Amino acid sequence: MLIENASQVLTLKGGPQRGSRLGELGILSHGAVLVRGETIEAVGDAADLRAAYPNEPGFDAGGRVVMPGFVDPHTHLVWAGDRAAEFELRLQGKTYLEILAAGGGILSTVRASRAAGVDELLQPTRERARALFRHGVTTAEAKTGYALETAGELRELEALLKLDAEGPLEIAPTFLGAHAIAPEYQDDPDGYTDLICREMLPAAAAWWREHAAARPLPFVDVFCETGAFSLAQTRRILETARAAGFPLKVHADEFDNLGGASLAAELGAASADHLVKTSAEDVRAMARTDTVAVALPCTPFGLADPHYTPARDILSADGLLAVASDINPGTAWCENMQFVIALACRYLKLTPAQAIAAATINAAAAIQRAERVGSLEPGKQADLLILTVEDYRHLGYRFGSNLVATVIKKGVVYPVQ
Ligand code: NIG
Ligand code: FE
C-alpha cells in the first residue's frame, strides 16, 4: 500500500543521531511511504511514488503526520501485585530507598510475582503491552527482575517471549535477576551476586538455547545503586554475562553515583539508563563509545524529584541520547511515550524534534535494533504511526492525551482511536 496525503513524513533517516545531530527528523512535506508486506519498500515524494506505482492501493493519512513507531528501550513490563499504598507512603515522606530497605518496593512486587504462574503474569502484562501499543510504541524492551530466584526469573522471561509471539507489540527481552538483593540474601549481597553468576546466568543461557535458539541472547541488566548492587558486584555480573555472550545494560545513577555509567561504557554496554546523578566524567566516558545514554524522565517525575538527566551535557559531549518510559509499579507507571516526550521537552530541555529522535532511532540503537526499526527507510520494518495532528511539534507541546490515530506494525494496520 502507498501511504499518502501526509502533512509531514518524519523519516528519521541516516542512523542514530549523536550530539548536535539529534533532532534531524528528515521531514518530507509532500512525502509518501510504500509498504510491501512487513517492509518499507520506498519513501519519497508522493507524486513521484504515485507515478511509479499507479495501481498501488492508497492509504489516506488524512493530512496528518506520518512517522516511525516509537521504540521504548526501558520497561519493567512484567509484574503482578499492587503498590498504590506505597505511592501514598511516599507522599507522606518515606523515600523510595527507605521503602526498599524495609522490604517493600521492588521486594513487595517480588512477593506477588513469585506467587504468580506464567498465565497470571501474562494477563496484566498483556494489558500494559496493549496500552503501550495504542499510544504508538511498536517495539519495547522489557525486563524480568521481579522474582530474584532462578525459576521465577525464567518464568518472567517466558511470559515476555509469549507476549512477543502474540504481538503486535514486539518485545526485546532483558534478564534482570540483578534488580534487587533477593530477600533470602538480604545480609549477604555477595552471596546473591554469586548465585546470579554461577546459577542464574548459565540457567538463562541454557533456557534461551532450548526455547529461543534462533534469536539473539537477551540483554543482561544490573541495578547499580546504594541498597542494590555495588560497583564491584555490578562489574562481576556484567563481566560474567559478557563472557557468556549476553549484550549488556546498566541501571546507573538513579539515586547515587556509584560509577555504573563509566562501567557501562568500559564494558561496551548497549546502554546506561536513568543517569540522574551522572558526573561530567561519566558523560564523557559514555560519549566516547556507542553506549546509549537512556533518560527516563517519568521516574523523577513519578517520585516528585526535581533532578533529571543532564541531557544537554550528554549532547554537548557528543553522546548518544535516547528516552524511555521505565514503566514499572514503583516509580513510573506510564504507558505513554508521548508523555515521556512532553517531560523530555520540559525537564531535559530537548526540542520536540530532539525528543522524537530520542524516542525512535536512538531508542532503537539502545536495544541494538536500529538496523531494523526506528526510522522510515527502504528495507526497514514497516512500523509506522499516523498521528491525529498536522504538525509534529504537538508531540511535546501537548500531554496527557493520545495523539496517535493509527499504528501500522509490520505492515498491518491497527486503528487505535
Ligand atoms: O527503573 N530502579 C530500579 N527499577 C525500577 C523501579 C522498579 C520498582 O520500583 O519496582 C526503576 O525505577
Ligand atoms: Fe528501570
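What counts and what doesn't
- Residues numbered from 1 in each chain as written.
- Chains lettered and ligands numbered in written order.
- Predicted model: local features only at pLDDT ≥ 70, side-chain atom pairs only at ≥ 80, totals over all residues.
- Heavy atoms only, no water.
- 1 Å grid on protein atoms, 1.4 Å probe; cavity = no way out; pocket = protein on both sides within 12 Å on 5 of 7 lines; lining within 4 Å.
- Points joined across faces, edges and corners; volume = space filled by probe spheres on them.
- Nonpolar A, V, L, I, M, F, W, Y, C, P; charged D, E, K, R; others polar.
- Helix = DSSP H or I, 4+ residues; strand = E, 2+ residues; numbered from the N terminus.
- Buried < 20%, exposed > 50% of the residue type's maximum accessible area, 1.4 Å probe, protein only.
- Axes fitted to C-alpha atoms, helices over the stretch in contact; angles between N-to-C directions.
- Parallel < 35°, antiparallel > 145°, perpendicular 65-115°, else oblique.
- Left-handed = near helix turned anticlockwise from the far one by under 90°.
- Contact = heavy atoms within 4.5 Å.
- Donors = N, O, S within 2.8 Å, 3.2 Å for Na, K, Ca; no water.
- Phe/Tyr/Trp six-rings, centres within 6.5 Å; stacked < 30°, edge-to-face > 60°.
- Lys NZ or Arg CZ within 6 Å of the ring centre and 35° of its normal.
- Pairing = 2+ DSSP bridges.
- Near = heavy atom within 4 Å.
- Polar contact = N/O pair within 3.5 Å; in protein donor to acceptor, adjacent residues only side chain to side chain.
- Areas by Shrake-Rupley, 256 points an atom, 1.4 Å probe, with all protein chains shown as cover.
- Sits in = over half its atoms within 2 Å of the grid points.

A.B. asks: Would you mind going over empty space enclosed by the protein with me for this structure?
C.D. replies: Here the idea is plain: a probe the size of a water molecule rolls over the atoms and shows the empty space left. Taken as a whole, this structure holds 2 cavities of 30 Å³ or more when the rule is applied. Space inside the largest cavity adds up to approximately 90 Å³. Lining the largest cavity we find 14 residues, and of these His 76, Tyr 96, His 179, Glu 254 and Asn 328 sit closest to its centre. Split by residue class, the lining of the largest cavity holds 4 nonpolar, 7 polar and 3 charged. Of the voids in this model, the second largest cavity is the one considered here, and its volume is about 50 Å³. Lining the second largest cavity we find Glu 254, Phe 255, Val 276, Thr 299, Pro 300, Leu 303, Asp 305 and His 307. The residue makeup of the lining of the second largest cavity, split by class, is 4 nonpolar, 2 polar and 2 charged.

A.B. asks: Help me out: how do you make sense of unusual backbone geometry in this one?
C.D. replies: Excluding glycine, residues mostly have negative phi values, and the peptide bonds linking residues are mostly trans. The omega torsion of the bond from Gly 167 to Pro 168 falls at -10 degrees, within 30 degrees of zero and hence cis. Among the secondary structure elements, Pro 168 is positioned in the loop between helix 6 (150–166) and strand 8 (170–178). In this structure, Asn 5 takes a positive phi of about 60 degrees despite not being glycine. Examined against the element boundaries, Asn 5 turns out to sit in strand 1 (residues 2–10). Residue class for Asn 5 comes out partly exposed when judged on its relative accessible area of 43%. Even without being a glycine, Leu 12 presents a positive backbone phi close to 55 degrees. With respect to the helices, strands and loops of the structure, Leu 12 is situated in the loop between strand 1 and strand 2 (27–28).

A.B. asks: Would you mind showing me how to read the packing of helix 5 (residues 118–134) against helix 6 here?
C.D. replies: Helix-helix packing: each pair is described by the crossing angle between the helix axes and the interaxial distance. Put simply, helix 5 and helix 6 touch, their axes get as near as 10 Å, and they point 50 degrees apart. Classified by the angle between their axes, helix 5 and helix 6 sit oblique to one another. Classified by chirality, the crossing of helix 6 by helix 5 is right-handed. Contacts from Val 118, Leu 121, Leu 122, Thr 125, Arg 126 and Ala 129 of helix 5 reach helix 6 at Arg 155, Glu 156, Glu 158, Ala 159, Lys 162, Leu 163 and Glu 166. Of the residues assigned to the contact of helix 5 with helix 6, the class counts are 6 nonpolar, 1 polar and 6 charged.

A.B. asks: I'm lost on the coordination of the iron ion (ligand 2) in this one. Help?
C.D. replies: Each donor-metal-donor angle in an ideal tetrahedron of four donors is 109.5 degrees, and each such angle in an ideal octahedron of six donors is either 90 or 180 degrees. All of the protein donors around the iron ion (ligand 2) are His 74 (NE2), His 76 (NE2), His 251 (NE2) and Asp 326 (OD); their distances to the metal are 2.0 to 2.4 Å. Read from N- to C-terminus, the donor residues coordinating the iron ion (ligand 2) fall into the pattern H-x1-H-x174-H-x74-D. Of this pair, His 76 sits in the loop between strand 6 (70–72) and helix 2 (84–91) while His 251 sits in strand 10 (residues 248–252), placing them 175 residues apart in sequence. With a relative accessible area of 2%, His 76 lands in the buried category. For His 251, a relative accessible area of 2% gives the class buried.

A.B. asks: Help me understand the packing of aromatic side chains, please; the structure alone is not making it clear to me.
C.D. replies: The geometry of an aromatic ring pair comes down to the distance between the two centres and the angle between the two planes. For the structure shown, the criterion picks out 8 aromatic pairs. Between Tyr 185 and Tyr 192, the ring centres sit 5.6 Å apart and the planes meet at 45 degrees, which makes this aromatic pair tilted. A centroid spacing of 5.3 Å and a plane angle of 75 degrees characterise the contact between Phe 301 and Phe 339, whose relative ring orientation is edge-to-face. Note that Phe 301 is positioned in helix 11 (residues 298–302) and Phe 339 in helix 13 (residues 337–347), a separation of 38 residues in sequence. With a relative accessible area of 42%, Phe 301 lands in the partly exposed category. Among the aromatic residues, those joined into a cluster by ring pairs are Tyr 185, Tyr 192 and Phe 229. The ring of Trp 79 carries Arg 128 above its face, with NZ or CZ at 3.4 Å from the centroid.

A.B. asks: Would you mind showing me how to read the pairing of strand 15 (residues 404–409) here?
C.D. replies: Taken residue by residue, a regular strand's side chains alternate between the two faces of the sheet. When you tally the buried positions in strand 15, you get 6 out of 6 residues, the bulk of the element. Where strand 15 lies against strand 16 (residues 412–415), 4 bridges are found, and the strand directions are antiparallel. For Val 407, the partnering residue across the bridge sits in strand 16 and is Tyr 414. Connecting the antiparallel pair strand 15 and strand 16 is a turn made up of 2 residues, with Lys 410 showing a positive phi of about 45 degrees.

A.B. asks: What exactly am I supposed to notice about the sheet that holds strand 10 here?
C.D. replies: Pairing between sheet strands relies on hydrogen bonds along the backbone, with the strands arranged either parallel or antiparallel. In space, the 8 strands of this open sheet follow the order 6-7-8-9-10-11-12-13, with parallel pairing throughout. One side of each edge strand has no neighbouring strand; the edge strands of this open sheet are strand 6 and strand 13 (321–323). With direction set aside, neighbouring strand axes in the sheet form an average angle of 25 degrees. Across 3 bridges, the pairing between strand 6 and strand 7 (residues 137–143) is parallel. The partner of Phe 70 across the bridge, within strand 7, is Val 137. Contacts from helix 13 reach strand 6, strand 7 and strand 13, with the element oriented near 85 degrees to strand 6.

A.B. asks: How do you make sense of the site of ligand 1 when you look at a structure like this?
C.D. replies: Taken together, 17 residues lie around ligand 1, and Arg 83, Tyr 96, Tyr 146, His 179 and Glu 254 are the ones closest in. One nitrogen or oxygen atom from the side chain of His 76 is found 3.3 Å from an oxygen atom belonging to ligand 1. In this structure, an oxygen atom belonging to ligand 1 sits 3.4 Å away from a side-chain N or O atom of His 251. If ligand 1 stood free it would expose 330 Å²; the protein chains cover 100% of that surface. The pocket occupied by ligand 1, as judged from atoms lying within 2 Å of grid points, is the largest cavity.

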